[in-house]
Every structure is written in C-alpha cells, then in structure tokens.
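Coordinates in review
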Amino acid sequence: MQLGRLNHIGIATPSIEASVAFYRDVMGAQKVHTPFDLPAQGVKVCFVDTPNTQIELLEPLGEGSPIHGFLAKNPAGGQHHVCYEVPDIHEAKAWFEAKGAKVLGEPRIGAHGTLIFFLHPRDMGGVLTEIMETPRAEDGH
Ligand SMILES: CC[C@H](C(=O)O)C(=O)SCCNC(=O)CCNC(=O)[C@H](O)C(C)(C)COP(=O)(O)OP(=O)(O)OC[C@H]1O[C@@H](n2cnc3c(N)ncnc32)[C@H](O)[C@@H]1OP(=O)(O)O
Ligand SMILES: [Co+2]
C-alpha cells in the first residue's frame, strides 16, 4: 500500500457557523465551501481550503452522530481525525487489517464521494485516522 496526500484534517465543532467565521476572519481562509449534510454519517460538513489540504469542519447531525461523544468530552470542539488518500481502498483495508489495525466498519461513501474507512485511534498512535480513496478526475471532486 502507498500512503498518499493528507486530504483533510477533521475538526469537530459545536457550530460550523462560528468555526467558519474563525477560519475566515482570524485564520484568513480564502475559500470556504458551502456546508452540506451527510445524514448517513451523522455529520454536517464544511470544507475550508488551505493551500495544500483542507480543513473539514464537522458538526453533529442527528442523535446517533459520532461527533456527540467527542463534543461531550471536548465541548469547544477540537482536532478530530486526519484523512489520507490511497489509490485503492480495498487494498488499503486489507493492508491495515494484516497489520492488526481495527478497521471501523465497511468502506462507505465519504464527504468527497469516494469510499472511506476509519482506523481506531488506539492502533494509530492515538489519532483517529480516515483512509479515503483518491477521487478520480471523472469523479469531479
Ligand atoms: C465520513 C464522512 C466524513 C469524511 O471525511 O468523509 C468524516 O470524516 S465523518 C467523521 C465522523 N465519523 C467518525 O468519526 C466515524 C469513526 N469514529 C468512530 O467510530 C468513533 O468515534 C470511535 C470508535 C473512534 C470512538 O467511539 P466513541 O466515541 O463511542 O468511544 P469512546 O469515546 O469510548 O472512545 C474510545 C477511545 O477512543 C478515543 N477516541 C475517541 N474519539 C477519538 C478521536 N477523535 N481521536 C482520538 N481518540 C479518540 C477515546 O479517548 C477513547 O480512548 P480511551 O483511551 O479508551 O479512553
Ligand atoms: Co473526514
């Protein structure tokens, strides 16, 4: 398996609106994308571009959101996960399983429209890690 680029850093927040204002007005973000809901993943998402990657702002969506647990421990929000790209999601899943890392659930469609999965933080040096298949040009993402 070949580790690709850092696609995004996931930041949990109680308010995407407030976080957008912070990244725009304090951090000088030049491009803030339109927020959108991902009900299947229990999140509202807003991407903020940086020159070499993206910030993925995540607000809980619905009772079962995985963000609720994080915000209960970190009410102001905080760094939630990192996401790396791979050329083949199924090859990557087999790779990490062979390394003994716990893959959380089956690959599913993520915020960029390609297959993703998560690796448990305890197997990743304490960092919740998302693996995402690199969008192909024809995917338009
Ligand atoms: C997919 C759409 C979008 C995209 O980019 O495409 C997203 O990124 S959506 C992001 C939100 N979705 C997820 O996070 C799914 C994967 N997450 C999970 O399955 C859970 O959050 C899990 C298993 C990481 C934690 O579950 P839960 O919160 O119920 O368990 P605990 O609170 O008991 O935590 C267990 C253990 O893990 C530590 N932990 C929890 N969250 C994190 C984190 N974000 N980063 C690092 N460590 C984390 C927690 O402290 C506990 O550690 P322990 O030493 O046992 O106390
Ligand atoms: Co993510």
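Summarised in this report is the structure supplied together with it. (Residues numbered from 1 in each chain as written. Chains lettered and ligands numbered in written order. Predicted model: local features only at pLDDT ≥ 70, side-chain atom pairs only at ≥ 80, totals over all residues. Heavy atoms only, no water.)

1. Structural notes on the pattern of salt bridges
If you walk through the whole model with that rule in mind, you get five salt bridges. With a closest N to O distance of 2.9 Å, E85 and R5 form a salt bridge. Here the residue E85 occupies a position in strand β5 (residues 78-86), and R5 occupies one in the segment before β1 (6-12), the gap between them amounting to 80 residues. A relative accessible area of 6% places E85 in the buried class. Salt-bridge contacts for E106 lead to K93; the nearest nitrogen and oxygen are separated by 3.7 Å. Taken as a pair, E106 in strand β6 (residues 103-109) and K93 in helix α3 (residues 89-98) lie far apart in primary sequence, 13 residues in all. (Salt bridge = Lys/Arg side-chain N within 4 Å of Asp/Glu carboxyl O. Helix = DSSP H or I, 4+ residues; strand = E, 2+ residues; numbered from the N terminus. Buried < 20%, exposed > 50% of the residue type's maximum accessible area, 1.4 Å probe, protein only.)

2. What about the site of ligand 1?
Around ligand 1 sit 22 residues in total, of which E56, H80, H81, A111 and E130 are the nearest. Within the side chain of H81, one N or O atom sits 3.0 Å away from an oxygen atom of ligand 1. E130 places a side-chain nitrogen or oxygen 2.9 Å from an oxygen atom of ligand 1. Starting from 1100 Å² of accessible surface for ligand 1 in isolation, the protein chains cover 64%. Contributions of two or more residues to the shell around ligand 1 are made by β4 (54-60), α2 (66-73), β5, β6 and β7 (115-119). Its residues placed into classes, the shell around ligand 1 shows 11 nonpolar, seven polar and four charged. (Near = heavy atom within 4 Å. Polar contact = N/O pair within 3.5 Å; in protein donor to acceptor, adjacent residues only side chain to side chain. Areas by Shrake-Rupley, 256 points an atom, 1.4 Å probe, with all protein chains shown as cover. Nonpolar A, V, L, I, M, F, W, Y, C, P; charged D, E, K, R; others polar.)

3. Considerations on the coordination of the cobalt ion (ligand 2)
Of the protein atoms, only H8 (NE2), E56 (OE), H81 (NE2) and E130 (OE) coordinate the cobalt ion (ligand 2), at distances of 2.1 to 2.3 Å. Considering all six donor atoms around the cobalt ion (ligand 2), angles at the metal cover 79 to 173 degrees and the coordination shape is octahedral. In the primary structure, the donors to the cobalt ion (ligand 2) are separated according to the pattern H-x47-E-x24-H-x48-E. In this pair, E56 sits in strand β4 while E130 sits in strand β8 (residues 129-133), placing the two residues 74 residues apart along the sequence. (Donors = N, O, S within 2.8 Å, 3.2 Å for Na, K, Ca; no water. Tetrahedral: all angles 85-135°; square planar, octahedral: opposite > 155°, others 65-115°.)

4. Comments concerning the pairing of β7
Most of β7 is tucked away: four of the five residues are buried. With four bridges connecting them, β6 and β7 associate as antiparallel partners. Bridged to I109 within β7 is L115. In this structure, the hairpin formed by β6 and β7 is closed by a connection of five residues, where G113 is found at a positive phi of approximately 80 degrees. Sheet topology note: the β7/β8 ladder contains four bridges and is antiparallel. From the neighbouring strand, F118 faces β8, where its bridge partner is E130. (Pairing = 2+ DSSP bridges.)

5. Structural notes on the nonpolar core
By size, the foremost hydrophobic cluster in this structure holds 10 residues: A12, L38, V43, V45, F47, L58, I67, F70, L71 and A111. The set of elements that each furnish at least two residues to this core consists of β3 (43-49) and α2. Discounting residues that sit within four places of it in the chain, I67 has contacts with A12, V43, L58, P60 and H80. (Core = buried A, V, L, I, M, F, W, Y, C linked by side-chain atoms within 4.5 Å. Contact = heavy atoms within 4.5 Å.)

Nothing here speaks to function; it is all geometry.
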